[in-house]
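These are the residues of each chain, in order.
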Amino acid sequence: MPTYTPPIWSFPMPVTASRFQPIAPKWKPWNIQTDPARLGTWALQKYKSPTVAWVDMQTQLETNAPGRLGSGRAAAYRGYHVKGLGRTLAAANWNNQDDYGHNTGHLPPTCAFREYAITQVLRQRGLGALIAGCDAILLSPLTTEEARHLAAARKKEGKSIAPADATMMALSLKPAGFARHSNFVWSLCHFQNSTAWVGQLLQDLERLLAPPVPEPVIQGSPEALAAALDDAFERSFDYALQFGAHGLFWLYLQNNSSLDGRWLDLETPLFTGQPMVGRIMMNTDDGAIPQMAGFECYDAAASWRGFIRILDERLAFLARPGLLDHPAGTAFLRALRDAIRARFSRQSILMRDRELQNRALAFLSAKLGIEGRADRRRLEILSRYCFRVAIHGANEEPPELGWVPFRERPVPPSPSNARLEAAPFCQATLTPDASQLSNLLTTLDHTESPAEAFTALRRNGFVNP
């Protein structure tokens, strides 16, 4: 079983046994839900420490929604990140009627189905290292009252709901031990003036910048930490390109990747199975809104630019004379800031607009097999547009390249009604495993009991022994 040590940015949340049914018997220990009543109103006497899961606090790079203090429905427990276990204390938006999608504490089963199924598909392709994969799901029927409240919320929004979401809720499990940029941004803004505390935070940073290994080697020098940051950026950029090379798009990009480059929130995959760039059409009350697909590497670069800038600013603040309790800590932070500045100077690929675009274009041109000048020109136009939007925040109309709809459409992420269209030089078709995934998800979305859903997964070979 994966091991887990609570990091600085986490806090304990009482949990207790719940009513979820696991996809296989070995996952029964993760049948849990939050138990806030065990905190008590007053703490005037000693009481036995409850069983706890660990919730992480977050401050996002781009924007922060009111009341979303961190993981409002997820926590680490017995080595796994458990999503859907109920409201945590980070769900300060619990009574916001306009934010029920992020404050109920529950995970819709259609989201859990997608997390689990796309994990199996990518592992079969040898791409499991690119994601924080979902090892298991657990399902529970909704009570009559829960189903009524959910239906009322959906009706208020004017949105339809899949039969599975109307009758069940879910837990998804993935190995814990990862971190996001937002965890460190939170920590750097909620610091202790203790050299030991800062040292532990920086050790966690170096460890979590690397892909997970049983016994990580922490060098602890400013130069090693700066190099680890650079390696993690390169990995994030490469992983994002790899997704496009397999026709895999995640839709919601903000705060959804780990420090080491893996994709974390697997709820919203659009998967074609072959190299492509295109656009995702998001249907809203105001019409269809296009989102470009295939150049998510630029969004990864934008996140890393923001994170490096915040590190620079916070290290300068923390290294002020007399702030930390020991001068050795202050000296180390100054050396670390110098090392990061040297590593991410204007000569760094992260800070060079043209180099970033050249790398992405070379990779995707090769994967897409582009040879003609006209198609190369279309790809360059799309690349420049995506770069301006992701890196420089441009607000402009996307290019019209003659987008091609899919004859067999990939099943959209639930509850979104997004649809995917390909660029004219791409194949608007699904590979056999992408078609199988879409058919399976269509079936799962219409199940109405845990037994029915698990049977469908087993029939398609999606249940590990």
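Residues numbered from 1 in each chain as written. Predicted model: local features only at pLDDT ≥ 70, side-chain atom pairs only at ≥ 80, totals over all residues. Heavy atoms only, no water.

For Arg78, which is not glycine, the phi dihedral falls at a positive 50°. When you line up the elements, Arg78 lands in the loop between strand E5 (74–77) and strand E6 (80–83). At Asn255, a residue that is not glycine, the phi angle is positive and equals roughly 60°. (Helix = DSSP H or I, 4+ residues; strand = E, 2+ residues; numbered from the N terminus.)

Quick look at the environment of Gln200 now. You can see Gln200 is positioned in helix H5 (residues 195–209). Considered as a pair, Gln200 and Ile8 are 192 residues apart in the sequence and their alpha carbons are 8.1 Å apart.

Moving on to the pattern of salt bridges. Throughout the structure, instances matching the rule amount to 25 salt bridges. With a shortest N-O distance of 2.7 Å, Arg388 and Glu396 are connected by a salt bridge. Its relative accessible area of 32% is what places Arg388 among the partly exposed residues. Beyond isolated ion pairs, a larger network of salt bridges with shared partners links Arg73, Lys83, Glu115, Lys174, Arg180, Asp265 and Glu267. (Salt bridge = Lys/Arg side-chain N within 4 Å of Asp/Glu carboxyl O. Buried < 20%, exposed > 50% of the residue type's maximum accessible area, 1.4 Å probe, protein only.)

Moving on, we get to empty space enclosed by the protein. Considering all chains together, one arrives at two cavities of 30 Å³ or more under this definition. Here the largest cavity defines a volume of roughly 50 Å³. Listed by contribution, the elements that provide at least two residues to the lining of the largest cavity are strand E10 (270–271) and helix H11 (432–445). Among the elements that make up the lining of the largest cavity, the one with the highest residue count is H11 (three residues). Grouping the amino acids of the lining of the largest cavity by side-chain chemistry returns seven nonpolar, one polar and no charged. If you add up the space inside the second largest cavity, you get close to 30 Å³. For the second largest cavity, the full set of lining residues is Leu188, Trp197, Val198, Leu201, Leu202, Leu315, Leu318 and Leu333. Put simply, the parts of the chain that give the lining of the second largest cavity at least two residues each are H5 and helix H7 (296–318). For the lining of the second largest cavity, the leading source of residues is H5, giving four residues. Class assignment for the residues of the lining of the second largest cavity results in eight nonpolar, no polar and no charged. (1 Å grid on protein atoms, 1.4 Å probe; cavity = no way out; pocket = protein on both sides within 12 Å on 5 of 7 lines; lining within 4 Å. Points joined across faces, edges and corners; volume = space filled by probe spheres on them. Nonpolar A, V, L, I, M, F, W, Y, C, P; charged D, E, K, R; others polar.)

All chains considered together, the criterion is met by 11 aromatic pairs. Members of the aromatic cluster, each reached through a chain of ring pairs, are Trp27, Trp30 and Tyr80. Taking the ring centre of Trp30 as reference, the NZ or CZ of Arg78 above it sits at 5.5 Å. Between Arg314 and the ring centre of Phe317, over which it is positioned, the NZ or CZ distance is 4.8 Å. (Phe/Tyr/Trp six-rings, centres within 6.5 Å; stacked < 30°, edge-to-face > 60°. Lys NZ or Arg CZ within 6 Å of the ring centre and 35° of its normal.)

Our next topic: the nonpolar core. Grouped together as the largest cluster of nonpolar side chains are 142 residues, with contacts concentrated most on Val277 and Trp304. The dominant element in this core, judged by the number of residues it contributes, is helix H6 (residues 222–245), at 12 residues. Filtering out sequence-adjacent residues up to four positions away, Trp304 remains in contact with His181, Leu209, Leu229, Ala232, Phe233, Ser236, Leu259 and Leu350. (Core = buried A, V, L, I, M, F, W, Y, C linked by side-chain atoms within 4.5 Å. Contact = heavy atoms within 4.5 Å.)

Of the two faces of E6, the one holding Tyr80 and Val82 and the one holding His81 and Lys83 are both buried throughout. The sheet contact formed by E5 and E6 spans four bridges and is antiparallel. Bridge assignment links Ala76 to a residue of E6, and that residue is His81. From the end of E5 to the start of E6, which pair antiparallel, there are two residues, and Arg78 there has a positive phi angle of about 50°. Pairing of E6 with strand E8 (residues 168–175), which is carried by four bridges, proceeds in the antiparallel orientation. Note that in E8 the partner of Tyr80 across the bridge is Pro175. (Pairing = 2+ DSSP bridges.)

Turning next to the packing of helix H4 (residues 181–189) against H5. A pair of packed helices is characterised by two quantities: the angle between their axes and the separation of those axes. Where H4 contacts H5, the axes come no closer than 12 Å and their chain directions differ by 170°. Between H4 and H5, the crossing angle belongs to the class labelled roughly antiparallel. In this structure, H4 contributes Phe184, Ser187 and Leu188 to the contact, and H5 contributes Trp197, Leu201, Asp204, Leu205 and Leu208. Across the contact of H4 with H5, the residue classes tally to six nonpolar, one polar and one charged. (Axes fitted to C-alpha atoms, helices over the stretch in contact; angles between N-to-C directions. Parallel < 35°, antiparallel > 145°, perpendicular 65-115°, else oblique.)

A few words now on helix H12 (residues 450–459). Along H12, the residues that are buried comprise Pro450, Ala453, Phe454, Ala456 and Leu457. Viewed along the axis of H12, the buried residues span an arc of 155°, placing them on a single side of the element. The outward face of H12, more than 90 degrees from its buried face, is lined by the exposed residues Ala451 and Arg459. Backbone geometry just after H12 places Gly461 at a positive phi near 70°. (Arc of directions from axis to C-beta.)

Across the sheet, which stays open at both edges, the four strands sit in the order E12-E11-E14-E13 with antiparallel pairing between neighbours. Looking at the sheet topology across the chains shown, the edges are occupied by strand E12 (287–293) and strand E13 (404–405). Where E13 and strand E14 (residues 419–422) come together, two bridges link them in antiparallel fashion. Residue pairing in the sheet places Val404 in a bridge with Ala422 of E14.

Let's shift gears to the side chain of Thr268. Inspection of the secondary structure assignment puts Thr268 in the loop between strand E9 (248–249) and E10. In terms of polar contacts, Thr268 uses its side chain to reach the backbone carbonyl oxygen of Trp250, at 2.5 Å. Those residues within four positions of Thr268 in sequence are excluded, and the remaining contacts are Phe249, Trp250, Leu251, Tyr252 and Pro413. (Polar contact = N/O pair within 3.5 Å; in protein donor to acceptor, adjacent residues only side chain to side chain.)

Moving on, we get to the layout of surface pockets. Any empty space left between atoms is shown by rolling a water-sized probe over those atoms. Computed from the structure, the second largest pocket encloses a volume of approximately 1000 Å³. For the second largest pocket, the lining is made up of 34 residues, of which Arg87, Asn103, Thr104, Gly105 and His106 are closest to its centre. When contributions to the lining of the second largest pocket are tallied by element, the ones reaching two or more residues are strand E3 (32–34) and helix H2 (144–157). In terms of residue count, H2 provides more of the lining of the second largest pocket than any other element does, seven residues in total. Its residues assigned to classes, the lining of the second largest pocket shows 12 nonpolar, 15 polar and seven charged.

Worth remembering: the numbers are spatial, not functional.
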